[in-house]
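# Inside the fold
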2 protein chains.
Amino acid sequence: VANAADFALLHRRGDPLFLPNAWDYASAAILAGAGYRAIGTTSLGVAASVGKRDASGETRHETLALVRLLTGLPVMLTVDIESGFSDNPSEVAEYADMIERAGAVGVNLEDGRGDGTLAPLELHRAKVQAVKSRCRELFVNARTDTYWLGSAGHSPLDETLLRCNEYVEAGADGVFVPGALDIGAVAAISSQVDAPLNVLYLPGTHTFNELAGAGAARVSTGSLLFRSTLRAVLETASRAQNQGLPSDPGPSYREVQASLGSRL
Amino acid sequence: VANAADFALLHRRGDPLFLPNAWDYASAAILAGAGYRAIGTTSLGVAASVGKRDASGETRHETLALVRLLTGLPVMLTVDIESGFSDNPSEVAEYADMIERAGAVGVNLEDGRGDGTLAPLELHRAKVQAVKSRCRELFVNARTDTYWLGSAGHSPLDETLLRCNEYVEAGADGVFVPGALDIGAVAAISSQVDAPLNVLYLPGTHTFNELAGAGAARVSTGSLLFRSTLRAVLETASRAQNQGLPSDPGPSYREVQASLGSRL
């Protein structure tokens, strides 16, 4: 059984782990079946699947239920737990412990809040520390939303470096800086923070290879795959009704039944 | 509020309702947002989303929960309830009643079984009758799997005509014959059964317009949209890691949050 140490080894500066993100059993199973060794979850997908808003702390139950559902898939799982669904560090640690015991090898823990502000550095640092004290084997990826939400006072890069280094000092195993970073910022963070750097793949900006060359150790897809399925739904429906589809755009019914319905 | 009578009016022989099928809140909401007046559900998608097998009677709870989740979307909903999750007609009627009270305007009730056999005609007829006795306002679409599962003794067309006419006599508001019917069979069933005929859109075979011309009154997509999303997941992930995506293939994060996260 793969554990957090195996997962940590997949993070190589300059030769990053490509991490696709799932939101339900079907998306996770199809990615596992395609050979990805590790997958993440996307809180947007988990929330939207059940009609809830992302980053609003509403999917505590659904997130844990998803991890339990994915237990047994031959893939390492790291889980987007938003801001830990609490501002009480010991409650966050308790939740992370349940996520770990349900079978995950890692979590993403973010300092962005649903109201569009950054949590105080000290609070997020305390959460990271509490989770690592309780779950020593869990790969804790500390995410800072400085590039998404702004960085009162400092430049985004300075605030990012400050926060990342504090989170690593508190025990974080990796740092995650989502948003549209220029390639110089990726290089600066990856060289000035002593932990693997995770960045987001954003279509139309830097390629995976460019992010690798700048020192990224993990490149994840966030909500990209989930959002691409929404386009697929509308396009496939429109083409079925209008010009017609020359061939089936997905795996067959039998293939889906065989590969995705085999959990029970 | 739209009801089953409004839904029935959408079924016009030769000018069919195009009915796309959803499996979770996100897929239903994106279709409702695109202007479809009615949507169905796909039991394959509902099952695979949670790692269960389709047509095995395992998603009784998930199917009802999905209908409750979709209440409030501005779209008429008809629900794939497989074979009613029971071979006791009064239990099937009780379940259909819960589905109706949760907000659906219709159900699909199938005579195919998880073991690959057709239920006895008399049993399925009794289920249709029980549901219509209890839920007079519900649009009951009686599905026969003669073309998928074979038709011991008779030709598939003869067995289909026999079953469809019996189901209509028992009160069915429409009949659904999935599978690869030739266009002559569509024409024969639509003219020899006194109820709207629903057929499945199958890529690479007849177009929507051809099915319309043969007399179909509803053309649905079954598991097609769901299966197309599985392809989208793998293709988007592969392109993100390899050649790169020139632009984002889906609605933006903000668009998804605004349109799909607004239920609560």
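Refer to the structure presented above.
All right, on to the interface of chain B and chain A then. Listed by partner, the interface residues are 58 residues for chain B and 58 residues for chain A. Counting the surface lost from both chain B and chain A, the interface buries some 5300 Å², and carbon and sulfur atoms represent 64% of this. Seen at the junction of chain B and chain A, the total is two salt bridges. At the level of elements, α2 (25-33), α3 (43-49), α11 (224-241) and α12 (253-260) of chain B are the ones that each hand at least two residues to the side of chain B that touches chain A. The element contributing the most residues to the side of chain B that touches chain A is α11(B), with 16 residues. Residues that form the side of chain B that touches chain A fall into these classes: 34 nonpolar, 15 polar and nine charged.

Residues and elements named next belong to chain A. For Glu-82, which is not a glycine, the phi torsion comes out positive at approximately 50 degrees. Within the element layout of this structure, Glu-82 appears in the loop between β4 (76-80) and α5 (89-101). Look at Glu-82 and you get buried, because its relative accessible area is 2%.

Turning to the nonpolar core, a few remarks are in order. Leu31(A), Ile99(A), Phe226(A), Leu31(B), Ile99(B) and Phe226(B) are the most contacted members of the largest nonpolar core, which totals 150 residues. Apart from the residues within four sequence positions on either side, Leu31(B) is in contact with Val233(A), Leu234(A), Ala237(A), Pro20(B), Asn21(B), Ala22(B), Tyr36(B), Ile39(B) and Leu225(B).

On to the sheet that holds strand β1 (residues 17-19) of chain A, then. Residues and elements named next belong to chain A. Within the open sheet, the nine strands sit side by side as β1-β9-β8-β7-β6-β5-β4-β3-β2. Their pairing is parallel. Every interior strand has two partners, whereas the edge strands, β1 and β2 (21-22), have only one. Relative to strand β6 (residues 139-143), strand β5 (residues 106-110) runs parallel, the two being bridged by five bridges. Paired with Val-107 across the bridge in β6 is Val-140.

With an RMSD of 0.0 Å, the fit of chain B onto chain A corresponds to turning through 180 degrees and sliding 0.0 Å along the axis. What the superposition gives is, in effect, a two-fold axis relating one chain to the other. When C-alpha positions in chain B are compared against the rotation axis, the closest is assigned to Thr229(B), at 2.4 Å. With an isologous cut-off of 70% or more, the 100% of interface residues of chain B that recur at the interface of chain A puts this contact in the isologous class.

We now examine the side chain of Ser86(A). Here Ser86(A) lies in the loop between β4 and α5. A distance of 2.8 Å separates a polar side-chain atom of Ser86(A) from the backbone nitrogen of Asn88(A).

Now for the sheet that holds strand β8 (residues 197-200) of chain B. All names here are of chain B. With parallel pairing, the nine strands of this open sheet are ordered in space as β1-β9-β8-β7-β6-β5-β4-β3-β2. The two strands at the open ends of the sheet, each matched to only one other strand, are β1 (17-19) and β2 (21-22). As paired strands, strand β3 (residues 38-41) and strand β4 (residues 76-80) are joined by three bridges and run parallel to one another. Within the sheet, the bridge partner assigned to Ala-38 lies in β4 and is Met-76.

Take α2(B) next. All names here are of chain B. Across the nine residues of α2, eight count as buried, placing the element largely inside the fold. Within the span of α2, buried status applies to Tyr-25, Ala-26, Ser-27, Ala-28, Ala-29, Ile-30, Leu-31 and Ala-32. By the N-cap criterion, in which a side-chain oxygen at the helix start approaches the backbone nitrogen of a residue two or three places on, α2 is capped by Asp-24, the distance to Ala-26 being 3.3 Å.

This part is about the pattern of salt bridges. Summed over the entire model, instances satisfying the criterion amount to 28 salt bridges over all chains. Residue Asp97(B) pairs with Arg101(B) through a salt bridge whose shortest N-O separation is 3.0 Å. Placement of the pair is Asp97(B) and Arg101(B) together in helix α5 (residues 89-101), with a separation of four residues, close to one helical turn. By relative accessible area, Asp97(B) is classed as buried at 12%. Within the structure, one salt-bridge network assembled from shared partners comprises Asp87(A), Arg113(A) and Lys127(A).

All names here are of chain A. In terms of burial, β6 is a largely internal element, five of the five residues being buried. Burial along β6 is two-sided: the residues Phe-139, Asn-141 and Arg-143 and Val-140 and Ala-142 are all buried. Where the polypeptide runs from β5 across helix α6 (residues 121-134) and back to β6, its parallel neighbour, the crossover connection is right-handed. As paired elements, β6 and strand β7 (residues 174-176) share three bridges and run parallel to each other. Within β7, the residue paired with Arg-143 across the bridge is Phe-176.

What counts and what doesn't
- Residues numbered from 1 in each chain as written.
- Chains lettered and ligands numbered in written order.
- Predicted model: local features only at pLDDT ≥ 70, side-chain atom pairs only at ≥ 80, totals over all residues.
- Heavy atoms only, no water.
- Contact = heavy atoms within 4.5 Å.
- Buried area = accessible area lost by both parts, 1.4 Å probe.
- Salt bridge = Lys/Arg side-chain N within 4 Å of Asp/Glu carboxyl O.
- Helix = DSSP H or I, 4+ residues; strand = E, 2+ residues; numbered from the N terminus.
- Nonpolar A, V, L, I, M, F, W, Y, C, P; charged D, E, K, R; others polar.
- Buried < 20%, exposed > 50% of the residue type's maximum accessible area, 1.4 Å probe, protein only.
- Core = buried A, V, L, I, M, F, W, Y, C linked by side-chain atoms within 4.5 Å.
- Pairing = 2+ DSSP bridges.
- Least-squares fit on C-alpha atoms with pLDDT ≥ 70 in both.
- Polar contact = N/O pair within 3.5 Å; in protein donor to acceptor, adjacent residues only side chain to side chain.
- Right-handed = clockwise from strand over helix to strand, strands pointing away.

Bear in mind that shape data such as this cannot, by itself, settle questions of function.
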